[in-house]
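Tertiary structure, described
Given next are the chains, with one letter for each unit.
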Amino acid sequence: MSEPAPRAPHPHSATLRRLEKSSGKLAAGAIARMDATLPWYRAMPPENRSWIGLVAQAGIAAFTEWFRHPETPQAISTDVFGTAPRELTRAITLRQTVEMVRTTIEVMESAIDDVAAPGDESALREALLVYAREIAFATAQVYAQAAEARGAWDARLESLVVNAVLSGEVDEGAVSRAAALGWNSPEHVCVLLGTAPDGDSELTVEAIRRAARHAKLQVLTGVLGTRLVVIAGGSDNPLKAAKSLIGPYAAGPVVAGPVVSDLLAATRSAQAAAAGLRACAAWPDAPRPVLADDLLPERAMASDPVAREQLVEEIYRPLEEAGSALLETLSVYLEQASSLEGAARMLFVHPNTVRYRLRRVTDVTGWSPSDVRSAFTLRIALILGRLAGGEAQL
């Protein structure tokens, strides 16, 4: 059996040996030049500077292997950037990484005449040019993968926060997670609910973000099942915020919950919006978007205890406290099909007296009896108030 033919010596074996011997000196030179020319490097903590030094050393070692076997595919991103922890991509920007790589390549290029064996200068320079191109691609790949992973993690984190708001499980942990996503605790917060469009939910979320940036609002958002949920911060006008963000929603009702003080209180806004979305079917002509508080009568009839209590406490009780004349006048006016003259006859007063008392009703409750929609809300509030009073007497 014949012995295998001896492997031919590398055509640049002398240069390879000199490269291997010079790798430490080249890495030290690269670090020294970074320290002299890159202010951001000097300002970094020692631990990060140490990791960058290891990356520079790994880059020079990877180039030596590249030069040794130029025909073999090299996993440059693993060889070079695998020496540093993933957190380094957060500590230094892509621009800073490019500056670091460029500085290292420049140091290696300036040493070609000293490192290359006589006659190998051109070959070494050409190999370094090719390697510089490949390391640039590898740098871009590392940051793209880090951004993708960070985006996936942020999406999961945001989904947890949104779900906590909807389920009423918001705590300081959820607030901390929101802060990690860039939420800086705006004073005014409201929750918007509607139907999510078909297709890629990530595109929908990105469309919400673009609309929020244009409207100068902060948002936490996500698609949960068939619903598109937006927690909007920075506006004390929920209807205006909803109109700014309504574009990405699918056809159908979009309900804005009331404004609350912060994320910890956002569950109240979310629950009102959810109750309003369920009750919207009872008001086919509701505006789009619509406030959850404008759906109070439908919500009350759909067994929403919060809406029932709100109608009683915000309409019936204030009228009751204002005197029996207002309650009686409102009740008779509604029973007489909103006729001033009819109500005046039933009450044995002048129509101007009825008109004055109805203005007082508007002042006390914020709802105008002469408006059809408001009259409906007032009627439901009267019914619920009487029922509550009857239950209290039992």
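Residues numbered from 1 in each chain as written. Predicted model: local features only at pLDDT ≥ 70, side-chain atom pairs only at ≥ 80, totals over all residues. Heavy atoms only, no water.

To continue, consider the packing of aromatic side chains. Scanning the entire structure with this criterion turns up two aromatic pairs. Between Trp40 and Tyr41, the aromatic rings sit 6.4 Å apart at their centres with planes inclined by 85 degrees, giving edge-to-face as the arrangement. A relative accessible area of 13% places Trp40 in the buried class. For Tyr41, a relative accessible area of 4% gives the class buried. Each ring, one from Phe63 and one from Phe67, has its centre 6.2 Å from the other, and the planes form 25 degrees; the classification is stacked. Separated by four residues within a single helix, Phe63 and Phe67 lie in helix α3 (residues 46-68), roughly one turn from each other. For the cation-ring pair, Arg373 lies above Trp283, with the distance from its terminal atom to the ring centre recorded as 3.5 Å. (Phe/Tyr/Trp six-rings, centres within 6.5 Å; stacked < 30°, edge-to-face > 60°. Buried < 20%, exposed > 50% of the residue type's maximum accessible area, 1.4 Å probe, protein only. Helix = DSSP H or I, 4+ residues; strand = E, 2+ residues; numbered from the N terminus. Lys NZ or Arg CZ within 6 Å of the ring centre and 35° of its normal.)

With mixed pairing, five strands are arranged side by side in an open sheet as β2-β3-β1-β4-β5. With partners counted over all chains shown, the strands left at the sheet margins are β2 (218-224) and β5 (290-291), one partner each. Both strand β1 (residues 189-195) and strand β3 (residues 227-233) contribute to a ladder of seven bridges, which runs antiparallel. Among the inter-strand pairings, Leu193 is bridged to a residue of β3, identified as Val229. Along the sheet face, helix α12 (residues 266-279) touches β1, β3 and β4 (254-256) and points at about 30 degrees away from the line of β1. (Pairing = 2+ DSSP bridges. Contact = heavy atoms within 4.5 Å. Axes fitted to C-alpha atoms, helices over the stretch in contact; angles between N-to-C directions.)

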